[in-house]
Amino acid sequence: MTERNVVVLGGGIGGIVAARTLRRRVPRDVRITLVDREDTYTFAPSLLWLMSGERQPRQISRGRERLARKGIELVRGEAQGLDTERRTLRVDGRDLAFDHLVVALGVQPDPRLMPGLAEGGIDIYTVEGAIQAGRALRELGGGRVAVAITKLPYKCPAAPNEAAFLAETILRHGGKRAKVALYTPEPFPMPTAGEALGKALAGMLEQRGIELHTGRVLDEVDAGRKELVFQGGDRAGYDLLLAIPPHRTAEIVRTSGLSNEAGFIPVDRATLATEAGGVYAIGDVTQIPIAGGKFLPKAGVFAKAEAEVVATRIADELAGREPRATFNGNGSCFVDMGDGVAAFATGDFYAEGAPKVSLRTPSRRWHLAKVAFEKYWLARWA
Ligand SMILES: Cc1cc2nc3c(=O)[nH]c(=O)nc-3n(C[C@H](O)[C@H](O)[C@H](O)COP(=O)(O)OP(=O)(O)OC[C@H]3O[C@@H](n4cnc5c(N)ncnc54)[C@H](O)[C@@H]3O)c2cc1C
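Thresholds, definitions, all that
Residues numbered from 1 in each chain as written. Predicted model: local features only at pLDDT ≥ 70, side-chain atom pairs only at ≥ 80, totals over all residues. Heavy atoms only, no water. Pairing = 2+ DSSP bridges. Helix = DSSP H or I, 4+ residues; strand = E, 2+ residues; numbered from the N terminus. Contact = heavy atoms within 4.5 Å. Axes fitted to C-alpha atoms, helices over the stretch in contact; angles between N-to-C directions. Domains from an automatic or database assignment. Buried area = accessible area lost by both parts, 1.4 Å probe. Salt bridge = Lys/Arg side-chain N within 4 Å of Asp/Glu carboxyl O. Polar contact = N/O pair within 3.5 Å; in protein donor to acceptor, adjacent residues only side chain to side chain. Near = heavy atom within 4 Å. Areas by Shrake-Rupley, 256 points an atom, 1.4 Å probe, with all protein chains shown as cover. Nonpolar A, V, L, I, M, F, W, Y, C, P; charged D, E, K, R; others polar. Core = buried A, V, L, I, M, F, W, Y, C linked by side-chain atoms within 4.5 Å. Buried < 20%, exposed > 50% of the residue type's maximum accessible area, 1.4 Å probe, protein only. Parallel < 35°, antiparallel > 145°, perpendicular 65-115°, else oblique. Left-handed = near helix turned anticlockwise from the far one by under 90°. Expected span 1.5 Å × (residues − 1). 1 Å grid on protein atoms, 1.4 Å probe; cavity = no way out; pocket = protein on both sides within 12 Å on 5 of 7 lines; lining within 4 Å. Points joined across faces, edges and corners; volume = space filled by probe spheres on them.

### Structural notes on the sheet that holds strand β11 (residues 122-123)
Moving on, step 1. As summarised here, the arrangement of the 5 strands in space is β11-β18-β12-β13-β14, forming an open sheet in which the pairing is parallel. Bordering the open sheet on either side are β11 and β14 (211-213), each of which pairs with just one other strand.
Moving on, step 2. Strand direction decides the pairing type here: strand β13 (residues 177-183) and β14, joined by 3 bridges, are parallel. Within β14, the residue paired with Ala 181 across the bridge is Glu 211.
Moving on, step 3. Along the sheet, helix α7 (residues 159-173) contacts β12 (142-149), β13 and β18 (240-244); its crossing angle with β13, the most-contacted strand, is approximately 180°.

Structure, rendered in structure tokens:
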């Protein structure tokens, strides 16, 4: 019998769920290989708790040994080339053959893509950056803390708001006379979740004394003068800059022939199939249009749900059954606000006309639910 190979490319949220679900659903003689350049995995939704001091890195990172024990082959290396015709993937000079491929490479923040940012700001989307941001907030004498969304798209629409709320909490608890200001190119917070939700979130920021500056498209950071320079020439000064850097997909994605001009992979929004036979893409690496000329937000909740759909479809295909699993665009996310309180957004992002997403009143309950989800994720999947 010929060997059958399923390769999962990228071992973040989507890739881990895809590989584990496949392992449960396909016979043992089907080889499941997970490729990632990192040998540890960090649960990104908890990153900002490194900033607030509620977590240490070891509490939110895991090695991949458990996956190997489950019968998933691990290949650690940089994926460099993909040939969808020959169905091979090049990893650190070695070719891996596949019958099915799940591309789950995410999208990576890169401060070098915004002039002056690496010198003038802290990238809060990394472990080191989140820790550094927490230290800088505690050491700050006073002044102005800018939280800046430097470019669209970026992962997790809730996270910049969480960063502003948590920064304000740290400063207030430290008795600092400092102001937090959130800058975004968007018309209101979390626009993919609809205007009503965005306005409600804007009101919550205002109640905490956080300035919200919308429609601000950043051109560069003037690190010497500690100023944000916006399109049109407007400037805003800061004492500490907490940045969500511009994001870019991996080079292999941009050169694969699967991606669009923006560098993301278009997929069928129900099946996650790409244009290439046997190749699916899930999570942040995809670009999925939704109502209102927008795109599905880049969030782990979608990567996870899409991974389960794709794994089920591949299992059915391998078993000779008609694949029926589809992704319905439903998703939820917590917005942690500090002081042990969070809000919760949930709904249907595929709804016709406009996403149907509601925001639940901030309470301790949603913060505890966010903590419970983190524990569940790390115990069940990582
Ligand atoms: C601060 C922060 C808070 C967040 N909070 C939430 C939240 O509360 N809820 C939520 O739903 N989402 C949240 N997210 C977003 C969530 O983390 C991402 O949407 C999710 O991780 C996307 O999953 P993915 O599998 O597509 O990509 P990722 O999880 O990013 O995984 C991609 C993997 O590909 C690997 N890789 C990349 N390039 C290569 C290459 N060339 N070769 C080999 N390996 C490669 C990477 O090492 C990585 O392991 C948050 C993100 C951040 C940064």
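Alright, that's what it looks like, and here's the rest.
### What about the domain arrangement of the protein?
Note: interface size is frequently given as the accessible area lost on complex formation between the parts.
Moving on, step 1. Entries for the protein in the domain assignment read domain 1 (4-107 + 249-328) and domain 2 (110-246).
Moving on, step 2. Put simply, the middle of domain 1 and the middle of domain 2, counted by C-alpha atoms, are 30 Å apart.
Moving on, step 3. The partner domain 2 presents 24 residues to the 18 residues of domain 1 that form the contact.
Moving on, step 4. Together, Leu 48, Met 51 and Lys 298 form the three largest contributors to the area buried by domain 1 at its contact with domain 2, with a combined 43%.
Moving on, step 5. Applying the counting rule to domain 1 against domain 2 returns 0 salt bridges.
Moving on, step 6. Linking domain 1 with domain 2 are 4 residue pairs in polar contact (both at pLDDT 80 or more), by the criterion used here.
Moving on, step 7. Elements that contribute at least two residues to the side of domain 1 that touches domain 2 include exactly α2 (48-52) and β24 (294-295).
Moving on, step 8. Tallying contributions element by element places α2 first for the side of domain 1 that touches domain 2, with 5 residues.

### A look at the site of the ligand
Moving on, step 1. Around the ligand, a shell composed of 32 residues is seen, among which Gly 14, Asp 36, Asp 284, Gly 300 and Val 301 lie nearest.
Moving on, step 2. In the model, an oxygen atom of the ligand is placed 2.8 Å from a nitrogen or oxygen of the Gly 14 main chain.
Moving on, step 3. Within the complex, the protein chains bury 93% of what would otherwise be the 1000 Å² of accessible surface of the ligand.
Moving on, step 4. For the shell around the ligand, the elements supplying multiple residues, two or more each, are α1 (13-25) and α10 (300-318).
Moving on, step 5. Grouping the amino acids of the shell around the ligand by side-chain chemistry returns 14 nonpolar, 10 polar and 8 charged.

### Notes on the nonpolar core
Moving on, step 1. Ranked by internal contacts, the top residues of the largest apolar core, which has 112 residues, are Met 51, Leu 89, Leu 137, Leu 242, Ile 252, Leu 272 and Trp 377.
Moving on, step 2. Here this core takes 9 residues from α10, the largest share from any one element.
Moving on, step 3. Structurally, this core is a two-domain feature, drawing no fewer than three residues from each of domain 1 (4-107 + 249-328) and domain 2 (110-246).
Moving on, step 4. Ignoring sequence-local partners within four residues, the contact set of Met 51 consists of Ala 130, Ala 133, Gly 134, Leu 137, Arg 138, Ala 163, Leu 166, Ala 167, Ile 170 and Leu 242.

### Some thoughts on the pairing of strand β26 (residues 342-348)
Moving on, step 1. Within β26, 6 of the 7 residues are buried, which leaves the element mostly enclosed by the surrounding structure.
Moving on, step 2. Relative to β26, strand β25 (residues 330-336) is paired through 7 bridges, and the arrangement is antiparallel. Bridge assignment links Gly 331 to a residue of β26, and that residue is Gly 347.
Moving on, step 3. If you look at the hairpin formed by β25 and β26, you'll find 5 residues sitting between the two strands, and Gly 338 has a positive phi there, around 80°.
Moving on, step 4. Two elements, β26 and strand β27 (residues 356-363), share 6 bridges in a ladder whose sense is antiparallel. Residue pairing in the sheet places Ala 342 in a bridge with Ser 363 of β27.

### Observations regarding the side chain of Thr 346
Moving on, step 1. Here Thr 346 is to be found in strand β26.
Moving on, step 2. Reaching out from Thr 346, the side chain makes a polar contact with the side chain of Ser 332 at a distance of 3.0 Å.
Moving on, step 3. With near-sequence residues (within four places) excluded, Thr 346 lies in contact with Gly 331, Ser 332, Lys 356, Val 357, Ser 358 and Arg 360.

### Observations concerning the packing of α1 against α10
Moving on, step 1. Contact geometry for α1 and α10: axes closest at 8 Å, N-to-C directions at 30°. Classed by the angle they form, the pair α1 and α10 counts as roughly parallel. The crossing of α1 and α10 is right-handed. Residues Ile 13, Gly 14, Val 17, Ala 18, Thr 21, Leu 22 and Arg 25 of α1 touch α10, and the partners they reach there are Gly 300, Ala 303, Lys 304, Ala 307, Glu 308, Ala 311, Thr 312, Ile 314 and Ala 315.
Moving on, step 2. Residues of the contact of α1 with α10, tallied by class, amount to 9 nonpolar, 4 polar and 3 charged.

### With respect to α7
Moving on, step 1. Counted at 1.5 Å a residue, the expected span for α7 with its 15 residues is 21 Å, and the 21 Å between its end C-alpha atoms agrees.
Moving on, step 2. Following α7 by one or two positions, Gly 175 has its phi on the positive side, about 65°.

### Concerning empty space enclosed by the protein
To find the voids left in a structure, one rolls a probe of water-molecule size over its atoms.
Moving on, step 1. As enumerated under the stated definition, the model contains 2 cavities of 30 Å³ or more in all.
Moving on, step 2. Considering only enclosed or pocket space, the largest cavity measures out at about 60 Å³ in volume.
Moving on, step 3. In this structure, the largest cavity is lined by Gly 283, Asp 284, Thr 286, Gln 287, Ile 288, Leu 296, Pro 297, Lys 298, Ala 299, Phe 302 and Glu 306.
Moving on, step 4. Elements that contribute at least two residues to the lining of the largest cavity include exactly β22 (286-287) and α10.
Moving on, step 5. For the lining of the largest cavity, a count of residues per class yields 5 nonpolar, 3 polar and 3 charged.
Moving on, step 6. A volume near 40 Å³ is recorded for the second largest cavity.
Moving on, step 7. As for the second largest cavity, its lining consists of Ile 149, Tyr 154, Pro 157, Pro 160, Asn 161, Leu 182, Thr 184, Glu 186, Pro 189 and Met 190.

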